[in-house]
Amino acid sequence: MVSKRIIPCLDVKDGKVVKGTNFVNLIDAGDAVELAERYSKEGADELVFLDITASAEKRKTLLYLVEKVAKAIRIPFTVGGGISELQDIESLLKAGADKVSLNSSIVRNPSLITEASRRFGSQAIVAAIDTKRNISGVNKVFVKGGREETELEGLSWCQRAAELGAGEILLTSMDKDGTKDGYDVEFLKKVTSGVSIPVIASGGAGKKEDFLDAFKTAGVDACLAASLFHFSILDIKELKQYLRENNIKVRL
Amino acid sequence: MIALIDYDAGNTASVANALGTLGQEFLLTNKEADICRADKIIFPGVGEASFAIKQLHRYNLINLLRIVKKPLLGICLGMQLLSEFSSEGNIACLGVVPGRVEKFDSSKVNVPHMGWNEVFQKKESRLFKDIKDGEFFYFANSYYLPVNEYTTATANHGIDFTAALEKDNFYGIQFHPEKSGDAGLKLLNNFLEL
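Please read these numbers as outputs of a predicted model, since none were measured by experiment.

**Focus on the overall build of chain A**
Then comes step 1: Scanning chain A from terminus to terminus reveals 10 helices and 12 strands.
Then comes step 2: A compact globule built from 252 residues should have a C-alpha radius of gyration of about 18 Å, and chain A, at 17 Å, falls within 12% of that.
Then comes step 3: Dimensions of chain A, computed from the C-alpha atoms along their principal axes, are close to 45 × 45 × 40 Å.
Then comes step 4: Out of the 252 residues belonging to chain A, those deemed buried represent 59%.
Then comes step 5: Excluding contacts between residues fewer than 6 apart, the proportion of contacts in chain A whose partners are at least 24 apart in sequence is 66%.
Then comes step 6: Working note: accessible area of chain A is about 10200 Å², and carbon and sulfur atoms make up 49% of it.
Then comes step 7: Within chain A, the 36 negative side-chain charges are centred at a point lying 2 Å from the centre of the 36 positive side-chain charges.

Written out as structure tokens, the structure is:
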């Protein structure tokens, strides 16, 4: 069986890694290539880069960064942020990215998922979905970095994205993001039961037990975290050893 | 000289980077003449099978790839295309090895098969020299080639499938050595040293 994955996420702004709480309060957390190399050595299974200031002018900076990262590491990585056209996807994959994550653009134009997965294979297309629970307990989908609420409900949008050809779902709980009080296991479990593509949990990891809970209780395929790793609060090797002791299959 | 085949259906950048890490010179090419005079041929592939076959037709490489005599390494989709047929786009493939490529059963397992999985060596193969049995390699595939007489290693995703194969000068691996850390580099190096 395929092993469960630990994925450090690097939010990138102008080639630097930043991380905030609840999508604001950005703190500089170091050089992206250096961090990528460090994580690769420490046993990360994959990396995700999210360009949070994607604009036409910055696009070249991102491609340059992707080329540098691809030369530096020998594990897969995903790039996301402001990707809206097949041409953007092709440029990023050619620069050395293994997958791209699409967020606002697929809400605007769901057929992009199908076009992109036909052209590049569904394994290269990650649907990144940000949700926030409203007062009636419904997980609503947000776009534009969490700034804009949509009409979409989280689970049905995940299922639609899978049907359209997405190869993975990167599910971020905006309620949990930056809080360090655990993943949104309840909603993640609904999604893993409702789709048959891999699901990556994101938002809320604060300690080893949170990862175990997401794997064991919610049945996710991968867990993503950022600040825990950037600020060395949690060591990836130790985390994986802990997971293995608790009968989760990981690559060590 | 190593020919890395570029037919617009493979993420050649990562394979090129891995060869760079190994300090190995290579030629990125889709020309018959280059491939004919190469000592080793690397045939990567990412994406959809029928699109890839169409690209091979476009560059007039179908027949050549069937009859090359130098060691050829098919990676991921490149390995699947060595088989007889792919149900991805229902397309006839190169027919170098027997078997039909099938889709994993999404009622039983998640599809795509994505991540690091253990590769179990079933037959002696120089590709796996000094690589431990059960080593983890990185996979990203929705389709698989069933185990056949040329299978040298298997992995399991609901079903045992071909992770590596070998027939005469043709080698194939379903996983991505260029994305599989040190073990992947070791395997690539083993191919280059054949």
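Next comes the rest of the account.
**Things to note about the pairing of strand β12 (residues 160–167) of chain B**
All names here are of chain B.
Then comes step 1: Where strand β11 (residues 151–156) meets β12, 5 bridges bridge the pair, whose relative direction is antiparallel. Across the sheet, Thr151 pairs through a bridge with Leu165, a residue of β12.
Then comes step 2: In this structure, the hairpin formed by β11 and β12 is closed by a connection of 3 residues, where Gly158 is found at a positive phi of approximately 80 degrees.
Then comes step 3: Where β12 and strand β13 (residues 170–173) come together, 4 bridges link them in antiparallel fashion. Across the sheet, residue Leu165 finds its bridge partner in β13, namely Gly172.
Then comes step 4: Counting the residues that bridge the hairpin from β12 to β13 gives 2 residues, and of these Asp168 lies at a positive phi of roughly 50 degrees.

**Quick look at the packing of helix α6 (residues 154–164) of chain A against helix α7 (residues 185–194) of chain A**
Between two packed helices, both the angle of their axes relative to each other and the distance between the axes serve to describe the pair.
Residues and elements named next belong to chain A.
Then comes step 1: Here α6 crosses α7 at 30 degrees, and the two axes come no closer than 10 Å. Relative to α7, α6 is oriented roughly parallel. Note on packing geometry: the crossing formed by α6 with α7 is right-handed. Residue-level contacts link Gly154, Leu155, Cys158 and Gln159 of α6 to Phe187, Lys190, Val191 and Gly194 of α7.
Then comes step 2: Its residues assigned to classes, the contact of α6 with α7 comprises 4 nonpolar, 3 polar and 1 charged.

**As for the sheet that holds strand β5 (residues 85–86) of chain B**
Residues and elements named next belong to chain B.
Then comes step 1: Pairing is mixed in the open sheet, where 4 strands are placed in the order β6-β5-β7-β10. Two strands in the sheet have a free side with no partner beyond their single neighbour: β6 (91–92) and β10 (143–144).
Then comes step 2: Inspection of the sheet shows β5 paired to strand β7 (residues 100–103) by 2 bridges, in the parallel sense. Its bridge partner being in β7, Ser86 is matched across the sheet by Val101.

**Considerations on the packing of aromatic side chains**
Then comes step 1: What the rule picks out here adds up to 15 aromatic pairs over all chains.
Then comes step 2: With centroids separated by 5.5 Å and ring planes inclined at 40 degrees, the aromatic side chains of Tyr7(B) and Phe43(B) adopt a geometry described as tilted. With Tyr7(B) in the loop between β1 (2–5) and α1 (12–21) and Phe43(B) in strand β3 (residues 40–43), this residue pair connects regions lying 36 residues apart in the sequence.
Then comes step 3: With relative accessibility at 1%, the residue Tyr7(B) sits in the buried group.
Then comes step 4: Residue class for Phe43(B) comes out buried when judged on its relative accessible area of 0%.
Then comes step 5: With centroids separated by 4.2 Å and ring planes inclined at 25 degrees, the aromatic side chains of Phe137(B) and Phe175(B) adopt a geometry described as stacked. Of the two residues, Phe137(B) is situated in strand β9 (residues 135–141) and Phe175(B) in the loop between β13 and α6 (181–192); the sequence distance between them amounts to 38 residues. Each member of the pair, Phe137(B) together with Phe175(B), is buried.
Then comes step 6: Following the ring pairs from residue to residue traces out a cluster consisting of Phe104(B), Phe128(B), Phe137(B), Phe139(B), Tyr144(B), Phe161(B) and Phe175(B).
Then comes step 7: Here Arg251(A) stacks its cationic end above the ring of Trp116(B), 3.5 Å away from the centre of that ring.

**Structural notes on unusual backbone geometry**
Then comes step 1: Note the cis peptide between Val111(B) and Pro112(B), where omega equals 5 degrees.
Then comes step 2: With respect to the helices and strands, the residue Pro112(B) is situated in the loop between β7 and β8 (113–121).
Then comes step 3: Positioned with a positive phi, Lys180(A) is a non-glycine residue whose angle comes to about 60 degrees.
Then comes step 4: Relative to the elements of secondary structure, Lys180(A) occurs in the loop between β10 (168–173) and α7.
Then comes step 5: The residue Asn247(A) is not glycine, and still its phi comes out positive at about 65 degrees.
Then comes step 6: Summarising the element assignment, Asn247(A) is placed in the segment after α10 (236–245).
Then comes step 7: Accessibility expressed as a relative area gives 69% for Asn247(A), which makes it exposed.

**Some remarks on the sheet that holds β11(B)**
Pairing between the strands of a sheet is mediated by backbone hydrogen bonds and can be parallel or antiparallel.
All names here are of chain B.
Then comes step 1: With mixed pairing, the 9 strands of this open sheet are ordered in space as β2-β1-β3-β4-β13-β12-β11-β8-β9. Every other strand in the sheet has two partners, leaving β2 (27–29) and β9 as the edge strands with one partner each. The sheet shows a mean angle of 25 degrees between the axes of neighbouring strands, direction not considered.
Then comes step 2: Bridging between β1 and β2 involves 3 bridges; their strand directions are parallel. Within the sheet, the bridge partner assigned to Leu4 lies in β2 and is Leu28.
Then comes step 3: α1 rests against β1, β2, β3 and β4 (72–75) of the sheet, and its axis sits at about 160 degrees to β1.
Then comes step 4: The sheet contacts of α6 involve β1, β3, β4, β8, β9 and β13, and relative to β9 the element is tilted by about 90 degrees.

**Focus: the interface of chain A and chain B**
Interface size, as often reported, equals the accessible area lost upon joining of the parts.
Then comes step 1: In this complex, chain A contributes 35 residues to the contact, which on the side of chain B involves 33 residues.
Then comes step 2: When chain A packs against chain B, the two sides together hide about 2600 Å² of surface, and 52% of this comes from carbon and sulfur.
Then comes step 3: When the area that chain A buries against chain B is broken down by residue, the three leading residues are Val2(A), Arg74(A) and Gln123(A), summing to 27%.
Then comes step 4: Counting across the chain A and chain B interface gives 2 salt bridges.
Then comes step 5: A salt bridge links Asp98(A) to Lys179(B); its shortest N-O distance comes to 2.9 Å.
Then comes step 6: At the junction of chain A and chain B, the tally comes to 13 residue pairs in polar contact (both at pLDDT 80 or more).
Then comes step 7: Within the residue set of the side of chain A that touches chain B, elements represented by two or more residues are α2 (59–72), α3 (86–95) and α5 (111–120) of chain A.
Then comes step 8: Split by residue class, the side of chain A that touches chain B holds 14 nonpolar, 7 polar and 14 charged.

What counts, and where the lines are drawn
Residues numbered from 1 in each chain as written. Chains lettered and ligands numbered in written order. Predicted model: local features only at pLDDT ≥ 70, side-chain atom pairs only at ≥ 80, totals over all residues. Heavy atoms only, no water. Helix = DSSP H or I, 4+ residues; strand = E, 2+ residues; numbered from the N terminus. Rg over C-alpha atoms; globule rule 2.2 N^0.38 Å. Buried < 20%, exposed > 50% of the residue type's maximum accessible area, 1.4 Å probe, protein only. Contact = heavy atoms within 4.5 Å. Areas by Shrake-Rupley, 256 points an atom, 1.4 Å probe, with all protein chains shown as cover. Lys, Arg positive; Asp, Glu negative; His and termini not counted. Charge placed at Lys NZ, Arg CZ, Asp CG, Glu CD. Pairing = 2+ DSSP bridges. Axes fitted to C-alpha atoms, helices over the stretch in contact; angles between N-to-C directions. Parallel < 35°, antiparallel > 145°, perpendicular 65-115°, else oblique. Left-handed = near helix turned anticlockwise from the far one by under 90°. Nonpolar A, V, L, I, M, F, W, Y, C, P; charged D, E, K, R; others polar. Phe/Tyr/Trp six-rings, centres within 6.5 Å; stacked < 30°, edge-to-face > 60°. Lys NZ or Arg CZ within 6 Å of the ring centre and 35° of its normal. Buried area = accessible area lost by both parts, 1.4 Å probe. Salt bridge = Lys/Arg side-chain N within 4 Å of Asp/Glu carboxyl O. Polar contact = N/O pair within 3.5 Å; in protein donor to acceptor, adjacent residues only side chain to side chain.

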